[in-house]
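For reference, the chains in residue letters:
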Amino acid sequence: MFGRSLFISDLHIDHSRPDITAGFFSFLDRNKHNCDALYILGDLFEVWVGDDAITNSELEVASKLREFSECGASLFIMHGNRDFLIGSEYAERCGATIIYDHHLINIGQEKLLLLHGDTLCTDDEDYQKFRALVRTSSWQKDFLSKSIKERTEFAEKARDQSRQDTSSKSELIMDVNHQAVVELFHKHAVSKILHGHTHRPAVHDLEVARQASTPQAAQRVVLGDWDKKGWFAELTGNNVELHSFKLSSNSAPYTN
Ligand code: LP5
Ligand code: MN
């Protein structure tokens, strides 16, 4: 036991960004012998249209993750809005366990709540309608019954539509809704929440009244998306810290 767990999200791994994949592999190498667990909190991949549509680069990610997990750390994968179709077949290849949005872990006497973060964007009504639809088992069964070519074309159209829609939505709509955050602290009686998705890395210290008692210190930690920098959160004891490191465009190993 190292007393250290790590959290990442929103890598959006894609063939067009070999620097991100290389930075991720360096991150795994650097941490494979010194942490108890790695939690991937959604959007590891840019898009995922089914475990049967796996490419060589996704196979390479799986073997790197398996190598990481075989060094002794537990590995958890949560779905994001881009890769919610990752299934048990791919998770097994990675040596990972799939965990679902709103996942609680014990941190000493307290609890930490993990989620991708999209469910907190309740003002983004169009997105929430889309999410509700694509998370139904009937939609997923129908989608996965299509050919890989058809699914890939659908995903490309959805990405185009999303790019178009997000370019005209206000920044406020695409951020978390404060009331939704407060309700989540209440519902799970936690003092800390950790998520990604919004691409607004930060540690928010706030006060939340729990069970009608006086306000207590609470924290919402937001992971960053991997682009120019890689981001991760580190849990030691009950303390969560957010870190970033430069991703090198020539794919060299990273430095803190
Ligand atoms: O992803 P990002 O960061 O750009 O924006 C998200 C929300 N968008 C999405 C949609 C995904 O990007 C689409 C890709 C998913 C691939 C999954 C594979 C299989 C699914 C195939 C589906 C047909 O999640 C965006 C939020 C933003 O985060 C901030 O929170 O605002 O939400 C939207 O843009 C939703 C749109 O407003 C409505 C839905 C658009 C998709 C419509 C599908 C059209 C398919 C056409 C087929 C003929
Ligand atoms: Mn996301």
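The structure presented is a predicted model; accordingly, all values stated were derived computationally and were not measured.

Procedures and definitions
- Residues numbered from 1 in each chain as written.
- Chains lettered and ligands numbered in written order.
- Predicted model: local features only at pLDDT ≥ 70, side-chain atom pairs only at ≥ 80, totals over all residues.
- Heavy atoms only, no water.
- Helix = DSSP H or I, 4+ residues; strand = E, 2+ residues; numbered from the N terminus.
- Expected span 1.5 Å × (residues − 1).
- Buried < 20%, exposed > 50% of the residue type's maximum accessible area, 1.4 Å probe, protein only.
- Arc of directions from axis to C-beta.
- Contact = heavy atoms within 4.5 Å.
- Near = heavy atom within 4 Å.
- Polar contact = N/O pair within 3.5 Å; in protein donor to acceptor, adjacent residues only side chain to side chain.
- Areas by Shrake-Rupley, 256 points an atom, 1.4 Å probe, with all protein chains shown as cover.
- Axes fitted to C-alpha atoms, helices over the stretch in contact; angles between N-to-C directions.
- Parallel < 35°, antiparallel > 145°, perpendicular 65-115°, else oblique.
- Nonpolar A, V, L, I, M, F, W, Y, C, P; charged D, E, K, R; others polar.
- Phe/Tyr/Trp six-rings, centres within 6.5 Å; stacked < 30°, edge-to-face > 60°.
- Salt bridge = Lys/Arg side-chain N within 4 Å of Asp/Glu carboxyl O.

Asker: Go over helix α6 (residues 148-168), please, and point to the residues and values.
Answerer: For the α-helix, the turn length of 3.6 residues means that residues three or four positions removed from each other point alike. Over its 21 residues, α6 runs 31 Å from end to end, which matches the ideal 30 Å to within 8%, given 1.5 Å per residue. Of all the residues in α6, the buried ones are Arg151, Ala155 and Arg159. Buried residues of α6, seen end-on, are gathered within an arc of 80 degrees and therefore sit on one face of the element. Residues of α6 that are exposed and point more than 90 degrees away from the buried face comprise Lys149, Lys157, Gln164, Ser167 and Ser168. Of the surrounding secondary structure, the elements contacted by the buried residues of α6 are α5 (137-144).

Asker: Could you give me a rundown of the site of ligand 1, with the residues and numbers involved?
Answerer: Near ligand 1, the surroundings consist of 22 residues, among which Arg82, Asp124, Arg159, Lys169 and His197 are the closest. In the model, an oxygen atom of ligand 1 is placed 2.9 Å from a nitrogen or oxygen of the Asn81 side chain. In isolation ligand 1 exposes 1000 Å². Once the protein is present, 84% of that is buried. Contributions of two or more residues to the shell around ligand 1 are made by α4 (125-134), α5 and α6. The element contributing the most residues to the shell around ligand 1 is α6, with 8 residues.

Asker: Break down the packing of helix α1 (residues 18-31) against helix α2 (residues 56-70) for me, citing the residues and quoting the values.
Answerer: Relative to each other, α1 and α2 sit at 10 degrees, their axes nearing to 10 Å. One finds that α1 runs roughly parallel with respect to α2. Together, Phe24, Phe25, Leu28, Asp29 and Asn31 of α1 and Glu60, Val61, Lys64, Leu65, Glu67 and Phe68 of α2 make up the contact between the two elements. Taken together, the residues of the contact of α1 with α2 sort by class into 6 nonpolar, 1 polar and 4 charged.

Asker: Any chance you could break down the packing of aromatic side chains for me, citing the residues and the numbers?
Answerer: Applying the stated criterion across every chain, the model contains 16 aromatic pairs. Between the aromatic rings of Phe27 and Phe232, the centroid separation amounts to 5.3 Å while the plane-to-plane angle is 55 degrees, which identifies the pairing as tilted. Of this pair, Phe27 sits in helix α1 while Phe232 sits in strand β10 (residues 229-236), and the two are 205 residues apart along the sequence. Note on accessibility: Phe27 and Phe232 belong to one class, buried. Seen in terms of ring centroids, Phe84 and Trp139 are 6.4 Å apart; in terms of plane orientation they differ by 50 degrees. Their pairing is tilted. Of this pair, Phe84 sits in the loop between β3 (74-78) and α3 (88-94) while Trp139 is found in helix α5, placing the two residues 55 residues apart along the sequence. Members of the aromatic cluster, connected to one another through ring pairs, are Phe24, Phe25, Phe27, Trp226, Phe232 and Phe245.

Asker: I'd like a rundown of the pattern of salt bridges, residues and numbers included.
Answerer: For the coordinates displayed, the defined rule picks out 21 salt bridges. With its nearest N and O atoms 3.3 Å apart, the salt bridge here joins Lys32 to Asp29. A relative accessible area of 16% means that Lys32 is categorised as buried. Residue class for Asp29 comes out partly exposed when judged on its relative accessible area of 34%. Among the ionic pairs, Arg159 bridges to Glu46, the shortest N-O distance being 3.8 Å. With Arg159 in helix α6 and Glu46 in the loop between β2 (37-41) and α2, the pair connects residues that are 113 residues apart, well separated along the chain. Under the relative-accessibility criterion, Glu46 is labelled buried at 18%.

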